[in-house]
Every structure is written in C-alpha cells, then in structure tokens.
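Single-letter residue listing:
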Amino acid sequence: MGEIIMLSWKKEMEKKLERLKTIDLKESVIILGIETSCDETSIAIVQDGHKILSNIVSSQIAIHKRFGGVVPEVASRKHVEVINVLLEEALNDAKLKLGDISAIAVTYGPGLIGSLLVGVAAAKAISFAKGIPLVGVNHIAGHIYANNLIKQLEFPLIALVVSGGHTELVYMEDHHKFEVLGMTRDDAAGEAYDKVARTLELPYPGGPYIDKLAKEGKATIELPRALMDNGYDFSFSGLKSAVINTMHNAKQRGEYIAKEDMAASFQEAVVDVLVSKTLKAVQEKQVKNLIVAGGVAANQGLRSRLKEKCEQLGIDLTIPPLELCTDNAAMIASAGYFSYLKGEWSNLELNGIAGLPLSP
Amino acid sequence: MNILAIDTSTDVMGVSLLDENRVLAEVTTNLKKNHSIRLMPTIEQLFEEVKWEPKAIDLIAVAKGPGSYTGVRIGITTAKTMAWALKIPLIGVSTLEAMAYPHQNFTGLISPIIDARRGRVYTGLYKKVENKWTNVESDQITPLSKWLNLLQQTQEAVLFVGDDVELHHENIYQELGDMVSFSSSAFNIPRPSVIGLIAKERYLNGKRDDIYDFSPSYLQLAEAEAKWLEKQKINKG
Ligand SMILES: [Zn+2]
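Remember, it's a predicted structure, so these values are computed and weren't measured experimentally. (Residues numbered from 1 in each chain as written. Chains lettered and ligands numbered in written order. Predicted model: local features only at pLDDT ≥ 70, side-chain atom pairs only at ≥ 80, totals over all residues. Heavy atoms only, no water.)

### Focus on the confidence of the model for chain B
Right, on to step 1. Averaged over all residues, the pLDDT of chain B equals 96, while 100% of them reach at least 70.
Right, on to step 2. Overall fold confidence (pTM) sits at 0.95, and the ipTM for the predicted complex is 0.96. (pLDDT = per-residue confidence, 0-100.)

Quick look at the structure:
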C-alpha cells in the first residue's frame, strides 16, 4: 500500500473556507448543534438556520431535584454518560449521517465549566475525525437565535434574555452584532424565582410553580421595584429579600399570607421591571422588533403583559414556544449557522469559558 | 492494526499512535496545563507527522481514571466520540494499571499511587502471577494508613509507582520498612503507548467497551451525592 496523501485538518478547513465563498445560496447548510452548558444535554440538527430536523433534549431536572439545585459535578458526569446516545438519536431522527453535516456548532460559554468541557470535547472530536468545520457559540446568543427558528430575525432589534443565569437587554443591528444595554447587578430573574419558590416551599425548579400560583392569587402585597429609572441594569436581590422578610415576619406575628397572593405580588414586581425597561429600550433605540429569550420567557405573566403592550405600541414581538425557551441545541445550531456563513470558524484549541461575555 | 491512545486523567497528558508492531509516535507532558485546549491539537499534530488520516485508525484506547474528574472526562469524551464518529471500537484502561504495567518484571506486588487528598490515595495491586499479568486488588480509593496495613499483612515486597508517592514517602517507609521499593521519576508516569498496548491485548482477546455507556472510573461518588446518601441513612435511623 502506498503512502496515504491526506490533507491535514487545518488544510481541509482552509479548502472548505475557500469553497464557502463560492457557495450557492440555494445549497442547504446542515448544522449539528451541541449544548451542555448546564443541566441539559442536547443535540440538534438544523437546516439553513431555521428548519429543525431533530432536537433531542435530555433534562437532568429529576436528578438535581433532591439537591435543591444543579450540582456541577453531578451534571458533568451525566453529560458524559449520555452524549453519544443523544448524538446517535439526533442523526437517526433527522435520517442523516455525519457525512451530511456542514458544520458542528457547540456552546463554549457561559455556563458551568465542567459541563461545557464535555460538549466542547465531543464537538472537537467529531470535527477532527470527519473533517467537519467547528463553530463555537455563545449560549446567550443561542437563546436569542431560538427566535430565528420561529421567524427570521429582522434588524435592528431588542432582545430580552431572561433565564436562571441571565437577565440581559441586548441591541442587535445585524447578525452576531450584540450591544449589551444592561444586565443584572446581582441575581438573574430566574434565580430570584427559584429562591422565592424555596421560601414559599414550592418544588424545584420553582419558576413554573410561581407562574401557576400567581394566576390564582392577587398582587396585594407591596414589594420594591429596583433601579426603575436607572438605565437598563436590573437588580432582583432586594425584591427576593423583601419576599423572604415579609413571609418571615408574618410567620413570627402569626399572620397568614396566602402563597398565591405572594406569588402574584412577586411576579407582578418582576414583570413590571422587565417590561418597563424593555419597552424603554425599544423606544429609545427606535426599533420595531422585540424578541424574548431564555427559560423565564416561558413565564405566562411576562408573555401576556408584553403581548398586550406590544400590540398597543405596534411592535413586532416574537417569543419562542416553551420548549425552545429552555436550553436546547437547536438554538445553538441556528446561531452557529450565521457564524458558519460568515466564516467565523473555531480551531481545535477551542476551550470552554465559564464567564464568556456576549460582546467582547 | 493502528491504534490511537489518549490519556488526560491526571496532570499527565499523553497521546500515542501505534501500528501493528511499533510505537510510531508518543507525546507526554507532565504539567498543570489545560488538557481541554491542548489535547486535540496534539492529536492533530501526531496524525500529521505520521501521515495518517483519522480513518486510518482501527482502535482507540483511553485512560479511564481514576484521577482528575474534569481531566478524565475530557479524554474519555474525546475518545468515545471519535470512536463513535469513525465507527471503530474503544477500550478503556485503568490509569493505575498503565502506571504499574511497565514494572511487570518486579517479582513482588506493584502499588501505583495517585493522591486523593485528605490522607487517601487511589491505588490497586498488580503483579505478574505465573507469567500472567494480574490485578490482585482492584482499583480503589482508600485511606493510606489502611492500605499500608493491608500490605504489611501480605508479607510481600511492594513497589510503589507514581509521582504522588513522594507525598507519602515517609509514612510508607515507616510502616513497611525494608519491604518497599520506589520507582524512579522516569518510570512514574503513565505512558500513552502502554495504554495502547494493554488495549490491543484486550482487543485481541475479544474485549470491547460499549461506546454509548462508557464512563470514567471515578471510584467515588460526587461529594453532593455521597452527602445526600449519608443523610438518607441518618433519616432512616
Ligand atoms: Zn440557558
């Protein structure tokens, strides 16, 4: 057998990047997405940045429930156990082979470092083994691009990202051009939800339970709304403490506060702050498009208030369906699609970065 | 038969390429440096030097731990995902066994050591018994004092292997005295080519690991998990 003349991975990538310049736009681009930043292992295959061919999400909620929150080491162990099964399932669901994949998009931050490293190692391994381009994706960008799976993003736009780890207002002029207008100075909105839920002795994760209880109660308890006229930054720790103190004091005095009313009051305070700051950004930046992303975007209270306000103001509002609000790899594949087209590819040194910022 | 062997289970990062008869390439560093950044570029570089395409390999061997939780996950995820993508078999090898294996001419027991903090070590016992390489005591995490007691009772000569032995040198010597010998630094670290060789032997004996199920040998539960179990026991009374 003669010596195998082969292209190294780097040369293969150079060749493919060169070819990308002459790509026929009608040719379909198929991205394999990998997401392991927290306690969800997810693999998805998305065509042309919007068409979901498969989106497998394996949630660890049941595992972490007994600890009352996500335990990083436990999460990382679970990711390793399931990742290859999910890769196989995602390909089977889409009826595709690795050879059909144009690029691999993987979340490399922000998130739990041990968890991120599993996804990144898997992505690099496939990229090298099969000579497939690799694209590192920011998890928050992924949440924003979940909207592109519903309706093509139209610029300029404002994105409100609200989840267990993040509360951010982002202005976008074009694909992957992020200007972070404001963020939380302490707790993320979802984090406040989880902590208040614990005070109200609701199961983990608490967000959906508060949302449900809030519908049954009345917002009769006075709670603070922080930084209301202070730019675009958020703060939820004062609100969270106010709930804890109010419940504690009532208990000591032997007074009864209905959980439903506390849930409704808390939810209204959160929604007031989120909605007013978001609308302020929409008006000051004079945009017509507002998108909402992240786990808390599943919140019915937030959804209905935004819908109502946006209708009044003639703003085009997009909120993904529930299953695309929480962590999933389809959103990573969608965000990765646009980086892929721009030729913004990663090399094999790609590393997980726990505190990766959205805009450098 | 071409083999890629990978080890990131401790501070040591090792990558080796082996063919039917020879070790063609081997890189070993013993540094506290980021395995996540360095592993894939090192693999890529070795393939380029040997002029292999990824699809030229028939088997992937990987160190399965014990060791650093994060480290061993990087190696194992890389190995099993490559094996999955290339549709080739995967064999995991104990990091401790890889440390002991080159010392098989030693006539007594071989105890490879990786420190596990708080007075505990990861170890096991290996020995060539009637020409057969044998795992006498399986890999475990144990208080060193308990381990030394057990060794004393065997009345056999023991060879300690591993950089971490130095941390416990005095303790070991005090307990076991003339029964012990120590390996030298050049033979203390697991070599990826040795991991490749052990895997090849198992492969030829028909052994394969299940890629989908394959997970590191942590040898202990995550701390939160252990505490939770402890609490359940107490609650049950
Ligand atoms: Zn998220």
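Back to the text.
### A word on the domain arrangement of chain A
Residue and element names in this part refer to chain A.
Right, on to step 1. In terms of domain boundaries, chain A breaks down into domain 1 (2-146 + 326-341) and domain 2 (152-319).
Right, on to step 2. Taking only C-alpha atoms, the centre of domain 1 and the centre of domain 2 are 30 Å apart.
Right, on to step 3. Ranking the residues of domain 1 by area buried against domain 2 places Ile140, Ile144 and Tyr145 at the top, with a combined share of 41%.
Right, on to step 4. Across the contact surface, domain 1 and domain 2 share zero salt bridges.
Right, on to step 5. For the interface between domain 1 and domain 2, the tally reads five residue pairs in polar contact (both at pLDDT 80 or more).
Right, on to step 6. In terms of residue count, helix 5 (residues 139-145) provides more of the side of domain 1 that touches domain 2 than any other element does, five residues in total.
Right, on to step 7. A per-class count over the side of domain 1 that touches domain 2 returns nine nonpolar, five polar and two charged. (Domains from an automatic or database assignment. Buried area = accessible area lost by both parts, 1.4 Å probe. Salt bridge = Lys/Arg side-chain N within 4 Å of Asp/Glu carboxyl O. Polar contact = N/O pair within 3.5 Å; in protein donor to acceptor, adjacent residues only side chain to side chain. Helix = DSSP H or I, 4+ residues; strand = E, 2+ residues; numbered from the N terminus. Nonpolar A, V, L, I, M, F, W, Y, C, P; charged D, E, K, R; others polar.)

### A short note on the domain arrangement of chain B
All names here are of chain B.
Right, on to step 1. When its domains are assigned, chain B resolves into domain 1 (3-93 + 191-228) and domain 2 (96-187).
Right, on to step 2. One C-alpha centre belongs to domain 1, the other to domain 2; they are set 23 Å apart.
Right, on to step 3. Across the contact, 16 residues belong to domain 1 and 13 residues belong to domain 2.
Right, on to step 4. For the domain 1 and domain 2 pair, buried surface summed over both sides reaches about 1100 Å², with 58% attributable to carbon and sulfur atoms.
Right, on to step 5. For arginine 202, the salt bridge is made with glutamate 97, and the minimal N-O distance between the two is 2.7 Å.
Right, on to step 6. Summed over the shared surface of domain 1 and domain 2, the number is five residue pairs in polar contact (both at pLDDT 80 or more).
Right, on to step 7. With five residues, helix 6 (residues 192-204) is the single largest residue contributor to the side of domain 1 that touches domain 2. (Contact = heavy atoms within 4.5 Å.)

### Looking at the packing of helix 6 (residues 189-199) of chain A against helix 9 (residues 259-284) of chain A
Residue and element names in this part refer to chain A.
Right, on to step 1. Contact pair helix 6 / helix 9: the axes reach a minimum separation of 12 Å and the direction vectors enclose 170°. Here helix 6 lies roughly antiparallel to helix 9, going by the angle between them. Listed contacts from helix 9 to Ala192, Tyr193 and Val196 of helix 6 are Phe266, Gln267 and Val270.
Right, on to step 2. Classifying every residue of the contact of helix 6 with helix 9 gives five nonpolar, one polar and no charged. (Axes fitted to C-alpha atoms, helices over the stretch in contact; angles between N-to-C directions. Parallel < 35°, antiparallel > 145°, perpendicular 65-115°, else oblique.)

### Notes on the side chain of Asn328(A)
Residues and elements named next belong to chain A.
Right, on to step 1. Locating asparagine 328 in the fold gives a position in the loop between helix 11 (322-325) and helix 12 (329-342).
Right, on to step 2. Judged by relative accessible area, asparagine 328 falls into the buried class, the value being 0%.
Right, on to step 3. There is a polar contact of 3.3 Å between the side chain of asparagine 328 and the backbone oxygen of leucine 324.
Right, on to step 4. With residues up to four places along the chain from it excluded, the contact list for asparagine 328 reads Glu35, Ser42, Asn55, Val57 and Glu323. (Buried < 20%, exposed > 50% of the residue type's maximum accessible area, 1.4 Å probe, protein only.)

### What about the pairing of strand 3 (residues 23-30) of chain B?
Residue and element names in this part refer to chain B.
Right, on to step 1. Relative to strand 3, strand 2 (residues 12-18) runs antiparallel, the two sharing seven bridges. Bridge pairing links leucine 17 to alanine 25 in strand 3.
Right, on to step 2. Hairpin geometry of strand 2 and strand 3 is characterised by an intervening segment of four residues between the two adjacent antiparallel strands. (Pairing = 2+ DSSP bridges.)

### Concerning the layout of surface pockets
All names here are of chain A.
Right, on to step 1. Its boundaries defined by the atoms lining it, the largest pocket holds a volume of some 1300 Å³.
Right, on to step 2. Around the largest pocket, the lining comprises 40 residues; the ones closest to its centre are Ser163, Gly164, Gly165, Asp194 and Pro205.
Right, on to step 3. For the lining of the largest pocket, the secondary structure elements donating two or more residues are helix 5, helix 6, helix 7 (207-216) and helix 11.
Right, on to step 4. Per-element tally for the lining of the largest pocket: the top contributor is helix 6, with six residues.
Right, on to step 5. A breakdown of the residues in the lining of the largest pocket according to their chemical character gives 14 nonpolar, 16 polar and 10 charged.
Right, on to step 6. Mapping the lining of the largest pocket onto the domain boundaries places at least three of its residues in each of domain 1 (2-146 + 326-341) and domain 2 (152-319). (1 Å grid on protein atoms, 1.4 Å probe; cavity = no way out; pocket = protein on both sides within 12 Å on 5 of 7 lines; lining within 4 Å. Points joined across faces, edges and corners; volume = space filled by probe spheres on them.)

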